[in-house]
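Here are the chains, one letter per residue:
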Amino acid sequence: MGRRMRWGDLLEKIYGGMLSPSQQACIICKRSIRMNDTALRPLYPYEQSLMSLVCYKCVNLIPWIRELGCAYCGRAIRCPDCQRHPLRNDSLRANRSVVRYDEQMKQWLSQYKFKGDRVYELVMVRMMQLAYEPLLSTVWERRSSIRDGGITALFQGKLDAILPDLITYVPSTRERIQVRGFNQAEQFARALGREWRRPVVELLTRTQDAEKQSKQSRIGREHSMSHAFELHQWAGRSLQEVWCAYQAKEESPVAELRVLLIDDVYTTGSTLRACSRQLSSLCQYLDCLVSIVSYTWARA
Amino acid sequence: MVMQVRIYAVRTEYGWHSGITVDWRIDVRYWLAGEGSLPRGSKLVVLHQQLPIQVGIAVLEHFMPSEAMERWGEQGWVRYFADILSPCVEEFEEEAKRRLMQEHLAVAIIEAPYSEPTSKLFVMEEQKPMYRVAEQSLAYATTQWDANSSGLPASFLGEGVSQAGVWSALHADAYRIAYGIRGRLLLDEELIQFLRDAGAEHLIASRYSLIQWGWLHGWVELRAGMSFTRRDDGGKLPTASRISPLKRVMRSLYKASVTICCGRCGSSEGLSSSTCSTCHSLQCWTCTQCLNVGRCRSCAILIAGKLYRGDDSAAALISNREEQLEKWGLAPAQLEASRQALDYIDRVRARNQFAGLSEMNTSGRRSTVQGTRGNLRKGAFLLWAVTGAGKTEMIFPLVEDTLLHGGRVLIATPRRDVVLELKPRIEKAFPAQKVVTLYGGSPERWRDGDITIATTHQLIRFEEAFELAIIDELDAFPYHNDPMLQRTAERACTPGGVFVYLSATPPEAMQQNVRRGKLSHARVPVRFHRHPLPIPMRITMPSVAQCLSAHGLPALLLARMNHSVSRGAQLFVFLSRIRQVDPLVRLLRERIPGVHIDGTSAADESRGDKVFQFRERNIRVLVTTTILERGVTVPMSDVFILDADDRLFDAASLVQMAGRAGRSKDDPAGLVVFGSPQWNRSQRSAVRQIRDMNRIAARKGYLLSGADRRQRIG
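Conventions and cut-offs
Residue positions within a chain follow its written sequence, with the count starting from 1. Chain letters and ligand numbers both follow the written order, the letters beginning at A and the numbers at 1. Predicted model: local features are reported for residues with pLDDT of at least 70 only, side-chain atom pairs are reported and counted for 80 or more only, and whole-chain, interface and lining totals are derived from all residues. Side-chain calculation: all heavy atoms of the structure are included, whereas hydrogens and water are not. The secondary structure listing takes helices from DSSP runs of H or I that are at least 4 residues long and strands from runs of E that are at least 2 residues long, numbered from the N terminus. Each residue is placed in one exposure class: buried if its accessible area under a 1.4 Å probe, protein chains only, is under 20% of its type's maximum, exposed if it is over 50%, and partly exposed if it falls in between. In this analysis, two residues are considered to be in contact whenever any of their non-hydrogen atoms come within 4.5 Å of each other. Throughout, the Shrake-Rupley method with a 1.4 Å probe supplies accessible areas, and for residues the shown protein chains are the sole cover considered. Relevant arc is that of directions from the helix axis to the C-beta atoms, nothing else. Following DSSP output, two strands are said to pair if at least two bridges run between them. As a rule, the C-alpha atoms of each element are fitted with a line to give its axis, helices using only the stretch in contact, and angles between N-to-C directions run from 0 to 180 degrees. Candidates for patches are residues over 30% relative accessible area with no salt bridge; among them, like charges are joined within 9 Å and nonpolar side chains (Val, Leu, Ile, Met, Phe, Trp, Tyr) within 5 Å. Whenever a carboxyl oxygen of Asp or Glu lies within 4 Å of a side-chain nitrogen of Lys or Arg, that contact is scored as a salt bridge. Geometry of aromatic contacts follows a simple scheme: Phe, Tyr and Trp rings, the Trp one being its six-membered ring, pair when their centres are within 6.5 Å, and the pair is stacked under 30 degrees between planes, edge-to-face over 60, tilted otherwise. Joining through side-chain atoms within 4.5 Å is the link that ties buried Ala, Val, Leu, Ile, Met, Phe, Trp, Tyr and Cys residues into a set, and such a set is a nonpolar core. Multiplying one less than the number of residues by 1.5 Å gives the expected span of a helix. Given a residue, its bend is the angle between the two axes fitted to the seven residues that end at it and to the seven that start from it. Confidence scores labelled pLDDT are given residue by residue by the predictor and lie between 0 and 100. Here a polar contact is recorded for every N or O atom pair within 3.5 Å, except that within protein the pair must consist of a potential hydrogen donor and a potential acceptor, and residues adjacent in sequence are included only if both atoms are side-chain atoms.

1. Quick word on the overall build of chain A
Here is step 1: A tally of regular secondary structure across chain A gives eleven helices and eight strands.
Here is step 2: Out of the 300 residues in chain A, the part that is buried amounts to 48%.
Here is step 3: Long-range contacts, defined here as pairs at least 24 residues apart, represent 72% of the contacts in chain A between residues at least 6 apart.
Here is step 4: Split by element, the accessible area of chain A, about 15900 Å² in all, is 53% carbon and sulfur.

Here's what the structure looks like:
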């Protein structure tokens, strides 16, 4: 008797779902996305695919980085830092970010990171996915996919040619993860890896975490970052594995291994520089060049 | 740092019991150390692995004592724990699951130092060191906690302390914390904030030990952030035997049909699940409904303060009821309503005392003190008072009455401005009592007061805290149609406590209950100045949109407005759309020159300032939307509602807006105008409600006689 009731409830739920109009709430402002919103054309064509998650108003708030002011750190305005301390010194090829870190974006990120509203993840990952191709095409050359030639090459499209060979992320300390329940950089990396079908490898660990990064000044950051990261104990081995698998797949010799380093925000770059320093020391395990590019959701 | 729990079984003289612990050393102490007498238990079996709270609590529900437990050794216990664990960790990451498989589990069997070993498998010497370790590892720092800041009466300090040294200090500190958070429902982060605010920073590190001690004494409860609401047939618990695969399937089906809900705000919708690195669950739920007052997720721990004040203080001296009412200087209608409410509260109290007594007699054990509380019903009373009736004054006698009975009082209102406005008035009326105001960002958030004035959102941190809960304007914006706020308000009142709802326009469902006699109520049909409510007059005019596009207003409306301005009144002009506010302000400025006209809306940042200017008569005409429909009192004001037939204006909001007029004693007859192209149902209903109230007032003789009224106006 009792069970029949429960099945009834289940059916009611299903039928109710089928009959009620599909109303979806905007992830950001939680107001329902109206149907006629989708008729509105966003400013840029690729924003259209965000419109299933976010309402028109919130999409238009996104300060995309559409023109690079600095070819190295991906800032939207000219950047004196990169002239003084080139990223190359820390063997970071370049950085690219999806949005400018303005007040609105700060609010989004704090909703996600500090308040723990995990649905923001969907939007942010989608944004990183959308902006990837235009941004990274300014860093890496497209690989001509001669592997199969012919028809499959057509389907693989432009995106596939500049995808990284390996994705890794900026780690967080154990304690922080315990409190927060997730590491945002890892979440981004894993989601992107799933979408692109690229391996996501944990190559780094964080050893110290004196103060929260967002509460520190530039000098403090530089200083505290310099020894904050270490290579993960299995880093060499996992890298080797990826490399071997990659070489086996690719017929022609590959010039470089492309590593994408994911983080949420690039502020002074000290975190990413420190990570990249550690990563570059991994090169000795490999007999080829490694090209490390960092990709973040926002650029301050 | 992160709160994880362990589970254990304990053998007492009544049999085997299960327990959950955030600090197992405390439990060892509690159960196995005799305080001058025999220890409470003889044997403790602690599962070594730490579990996320939701798993711990689920496992406890599956615990079934059995005869065989006496004979079990480590193996037996490991097998048993593995059995009851396995259905609870289904949705966990592989790694976490593996960690909790039978091969990896370990238990510690701890026996009291001087008790007979109940299990022959173990030799005495093996257990004693274990106990010693537990005993000694707890280095509890005894430092003075500023007793004043916690507001703890001195008489509590000595109570129940029979141990020397650290344990008595621990006992006292745990009691203090429990006393401080009584009636509250806190997340771990909030507990830290509470301790910091109470000046007890040094207790933060050892808070788990204290909480655990409180849990063992029944002073606090531990809960998971998310709970399952299940249908009543929850009798499918595993026996001590292995769980068959069939049962496992049944269980997962059963689980699928169970709905999950937030343990804090009670929402079962708006939960989002994700993988979580804290508890290693693949489906750790986060409640998005109450996210902006802190993140409540499956693996978060909720601490509920369950320490109650003794009920015997009810014998306090109560002076004569009439004297008690007299001193507030209420008008006859107010007096009558307050008296009715007090009578109702008395009835509820008497009923509960009776129920409590009979319950007490039937079951003679100590623990029933809390058991009976759950059976007590909450009372509800509606004070249906017209706008400007003087609701605040009417609640004074009720507040006083509850305080005299040793209860705590809550006054909940939807808006922060009202909280701040009420505070000085309440403080003036009750100078001897501690009044605490709670709102987002309030500095007194963790203080403990006799009278608490809070916005409705703050109630999420309370549970069974108040004997009298006064809910103001329950039909107003955030409270109305928000089941979460209604649930939390419901919960904030103790069992056997009383709700008093205040409203000028109760929602339809409540009015129905009143008509059917299901809800006790008192009606206050007249304002404190004993003049009738102004009846809205009707002006047929084109809609505001048409007026704006034609760039003109009807002559009749302008004449009325001019008349009001020239008689020295302040004009409220209500609109339905924010976007029409500015154009109408411009139009009015043209048509009524020489008068300061301004507009404000929810989108306006300088709203508070403009309202202030309006009160100060610097702004004479204020164009606004429904945001100012309630809570604003401006002496000598007239009200113009344009587009009164708009569907955004229901009868309740029309009554509220009309209620802005004629509130002061000096100008009791304000002007209310409904300007609209058509006369619709809400307008009719609003006018009828106002007329009804006036009629009732006249019949009961609350209104001043005509001659009197004229004389007053002069």
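Now, onward.
2. Remarks on the overall build of chain B
Here is step 1: Looking only at helices and strands, one finds 23 helices and 24 strands in chain B.
Here is step 2: For chain B, buried positions account for 55% of its 714 residues.
Here is step 3: In chain B, the share of contacts with a sequence separation of at least 24, taken over all contacts with a separation of at least 6, comes to 75%.
Here is step 4: Accessible surface computed for chain B: about 31500 Å², of which carbon and sulfur atoms make up 51%.

3. Let's talk about helix α15 (residues 483-492) of chain B
Here is step 1: Among the residues of α15(B), Met484(B), Leu485(B), Thr488(B), Ala489(B), Arg491(B) and Ala492(B) are the ones counted as buried. Burial along α15(B) is one-sided: seen end-on, the buried residues are contained in an arc of 160°.

4. Regarding the sheet that holds strand β23 (residues 637-642) of chain B
To summarise the sheet geometry, strands pair through backbone hydrogen bonds and adopt either a parallel or an antiparallel arrangement.
All names here are of chain B.
Here is step 1: Taken together, the six strands give an open sheet; going across it, the order is β19-β24-β23-β20-β22-β21, and neighbouring strands pair in parallel fashion. Lying at the two open borders of the sheet, with one neighbouring strand each, are β19 (537-540) and β21 (597-599). For this sheet, the mean angle separating the axes of adjacent strands, direction not counted, is 20°.
Here is step 2: Sheet strands touched by helix α18 (residues 555-566): β19, β20 (570-574), β22 (621-624) and β23. Its angle to β23, the strand with the most contacts, is close to 160°.

5. Points about a nonpolar patch on the surface
Residues and elements named next belong to chain A.
Here is step 1: On the surface, Trp7, Leu10, Leu11, Ile14, Tyr15, Met18 and Leu19 cluster together into a nonpolar patch covering about 790 Å² of accessible area.
Here is step 2: Among the secondary structure elements, Leu11 is positioned in helix α1 (residues 2-19).
Here is step 3: Residue class for Leu11 comes out partly exposed when judged on its relative accessible area of 43%.

6. Let's talk about the packing of aromatic side chains
Residues and elements named next belong to chain B.
Here is step 1: Within the structure shown, the criterion is met by 24 aromatic pairs over all chains.
Here is step 2: Seen from their ring centres, Trp72 and Tyr80 are 5.3 Å apart, and the 40° between their planes marks the pair as tilted. There is no split in this pair, since Trp72 and Tyr80 are both buried.
Here is step 3: Centre to centre, the rings of Tyr344 and Phe381 are 5.4 Å apart; their planes meet at 40°, and the pair counts as tilted.

7. Concerning the nonpolar core
All names here are of chain B.
Here is step 1: In this structure, Ile411, Ile470, Val500 and Ile641 are the most contacted members of the largest nonpolar core, which totals 91 residues.
Here is step 2: Broken down by element, this core gets its largest block of residues, eight residues, from helix α11 (residues 332-362).
Here is step 3: Val45, Ala108, Ile181 and Ile303 belong to the second-largest nonpolar core, a separate cluster that totals 71 residues.

8. A few points about the pairing of strand β3 (residues 94-100) of chain A
All names here are of chain A.
Here is step 1: Burial analysis of β3 places six of its seven residues in the buried class, the great majority of the element.
Here is step 2: By the bridge criterion, six bridges tie β3 to strand β8 (residues 289-299) in an arrangement that is parallel. Paired with Ser97 across the bridge in β8 is Thr296.

9. Overview of helix α5 (residues 120-136) of chain A
Residue and element names in this part refer to chain A.
Here is step 1: Across its 17 residues, α5 extends 23 Å between first and last C-alpha, which sits within 8% of the 24 Å expected from 1.5 Å per residue.
Here is step 2: If you look at α5, its biggest bend is around 30°, right at Leu130, and the proline Pro134 turns up within four residues after that.
Here is step 3: In terms of burial, α5 is a largely internal element, 13 of the 17 residues being buried.

10. Considerations on the pattern of salt bridges
Pairs can form between side chains of opposite charge once their charged atoms are near each other.
Residues and elements named next belong to chain B.
Here is step 1: Considering all chains together, one arrives at 39 salt bridges over all chains under this definition.
Here is step 2: Its salt-bridge partner being Glu463, residue Arg223 comes within 2.7 Å of it at the nearest N-O pair. Of this pair, Arg223 sits in strand β6 (residues 220-224) while Glu463 sits in the loop between β15 (451-455) and β16 (466-472), and the two are 240 residues apart along the sequence.
Here is step 3: On the basis of relative accessible area, Arg223 is assigned to the partly exposed category, the value being 22%.
Here is step 4: In the salt-bridge network here, residues are joined through shared partners; they are Glu221, Arg223, Lys306, Glu463 and Glu464.

11. Examining the sheet that holds strand β1 (residues 6-12) of chain B
Residues and elements named next belong to chain B.
Here is step 1: Strand order in the open sheet formed by four strands is β2-β1-β3-β4, with antiparallel pairing between adjacent strands. A single partner strand is all that each edge strand has here, and the edge strands are β2 (15-21) and β4 (107-111). Going from strand to strand, the sheet's axes swing by 20° on average, the running direction of each strand aside.
Here is step 2: Where β1 meets strand β3 (residues 41-47), five bridges bridge the pair, whose relative direction is antiparallel. When the sheet's bridge partners are listed, Thr12 is paired in β3 with Gly41.
Here is step 3: Most of the contacts of helix α2 (residues 53-62) go to β2, to which it runs at about 170°, and overall it touches β1 and β2.
Here is step 4: Running over the sheet, helix α3 (residues 74-85) touches β1, β2, β3 and β4 and is turned about 125° from β4.

12. Some points on the confidence of the model for chain B
Residue and element names in this part refer to chain B.
Here is step 1: For chain B, per-residue confidence averages 79 on the pLDDT scale, and residues scoring 70 or more make up 81% of the total.
Here is step 2: Per-element confidence in chain B ranges from a low mean pLDDT of 45 for helix α12 (residues 368-375) to a high of 93 for strand β24 (residues 672-676).
Here is step 3: Contacts of residues 311-315 to residues separated by more than four positions or lying in other chains number six contacts, the stretch itself having pLDDT below 50.
Here is step 4: Considering only residues more than four positions removed or in separate chains, one finds that residues 360-373, a stretch of pLDDT under 50, has eleven contacts.

13. Digging into the environment of Thr624(B)
Residue and element names in this part refer to chain B.
Here is step 1: Counting through the fold element by element, Thr624 comes out in strand β22.
Here is step 2: Judged by its relative accessible area of 0%, Thr624 falls in the buried class.
Here is step 3: Measuring from C-alpha to C-alpha, the distance between Thr624 and Ala476 comes to 17 Å, with 148 residues separating the pair along the chain.
Here is step 4: Here Thr624 is in contact with Val573, Phe574, Leu575 and Thr600, once residues within four sequence places are set aside.
Here is step 5: A distance of 3.4 Å separates a polar side-chain atom of Thr624 from the backbone oxygen of Thr600.

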